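# Working through the structure, step by step
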Amino acid sequence: MAQVTIKGFISKIGELENVGKNKDIPKLSITVIDDTRAKSVGFFVDFWRDMTKQAQLFKKGSRVMVKATVEDGTYEREENGYKTKVYGYRFNATQIISCVEKPDEDLDKEFERQLAGQQRHTPGLIPTDESTPFDDKK
């Protein structure tokens, strides 16, 4: 299964929803904008089960790095009596950490460096930036 590292800022955090046959699987969708190139690209990343708790510690505007698996997201839709195939990908998060800018570093190396540094400062906790964890929760 393919894996990618996405670096950027959170532009949108969806509502937490329960899906599945018994509505017992939590899912949270977040949009991450990669603005490291001349043209920004948006990635719609799904967080499942326990990953939703980690993702909820971040807020809109947080700079993050996300490791995600890539799946075929192709589907068919019907519009005005015509069936159209829509091609795309689905990104399912496996890890999320906060990050700082260091544009010339390889993403995988930067991810490991950031993760190691954050775990050193907050062992056992989900890494976040200083203003993220409980800002909106009073």
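Whatever comes next refers back to the structure up there.
Now for a quick tour of the structure. Quick caveat, the model's predicted, so the values are computed rather than measured. (Residues numbered from 1 in each chain as written. Predicted model: local features only at pLDDT ≥ 70, side-chain atom pairs only at ≥ 80, totals over all residues. Heavy atoms only, no water.)

## What about the environment of S11?
In plain terms, the rule: The secondary structure listing takes helices from DSSP runs of H or I that are at least 4 residues long and strands from runs of E that are at least 2 residues long, numbered from the N terminus. Residue contacts are counted whenever heavy atoms from the two residues lie within 4.5 Å of one another.
Note that S11 resides in strand 1 (residues 3-13). Aside from chain neighbours lying at most four places away, what touches S11 is T31, I33 and K60.

## Considerations on the side chain of T5
What counts, and what does not: In this scheme, a residue with accessible area under 20% of its type's maximum is buried, one over 50% is exposed, and one in between is partly exposed, where area comes from a 1.4 Å probe on protein chains only. Any pair of nitrogen or oxygen atoms within 3.5 Å is treated as a polar contact; in protein, a donor-acceptor pairing is required on top of that, and neighbouring residues in sequence qualify only through side-chain atoms on both sides.
Mapped onto the fold, T5 is located in strand 1. T5 gets classed as buried once you look at its relative accessible area, which sits at 17%. In this structure the side chain of T5 is engaged in a polar contact, spanning 3.3 Å, whose partner is the side chain of K67.

## Some points on the pairing of strand 6 (residues 75-79)
For clarity, the cut-off: Any two strands are treated as partners once DSSP identifies two or more bridges connecting them.
Relative to strand 7 (residues 82-86), strand 6 runs antiparallel, the two sharing five bridges. Residue pairing for strand 7: Y75 is matched across the bridge by V86.

## A look at the packing of aromatic side chains
Rules: Pairing of aromatic rings covers Phe, Tyr and Trp, the last counted by its six-membered ring, and requires centre-to-centre distances within 6.5 Å; plane angles under 30 degrees mean stacked, over 60 mean edge-to-face, and any other angle means tilted.
If you walk through the whole model with that rule in mind, you get one aromatic pair. Measuring from ring centre to ring centre gives 5.4 Å for F43 and F91, while their planes differ by 80 degrees; the resulting arrangement is edge-to-face. In this pair, F43 sits in strand 4 (residues 41-48) while F91 sits in strand 8 (residues 89-98), placing the two residues 48 residues apart along the sequence. Exposure remark for F43: the relative accessible area of 18% places this residue in the buried category.

## Some details on the pairing of strand 8
In terms of strand pairing, strand 4 meets strand 8 through two bridges, oriented parallel. Note on strand 8: the bridge partner recorded for D46 is N92. Taken together, the nine bridges between strand 5 (residues 63-72) and strand 8 define a ladder with antiparallel strand orientation. Within strand 8, the residue paired with M65 across the bridge is I97.

## Some remarks on the environment of A68
Mapped onto the elements, A68 comes out in strand 5. Note: C-alpha distance between A68 and D46 (22 residues apart in sequence) is 8.8 Å.

## A look at the side chain of T69
For T69, the location among the structural elements is in strand 5. Using a relative accessible area of 16% as the deciding quantity, one classes T69 as buried. T69 has contacts with M1, A2, Q3, R90, F91, N92 and T94, leaving out every residue within four places of it along the chain.

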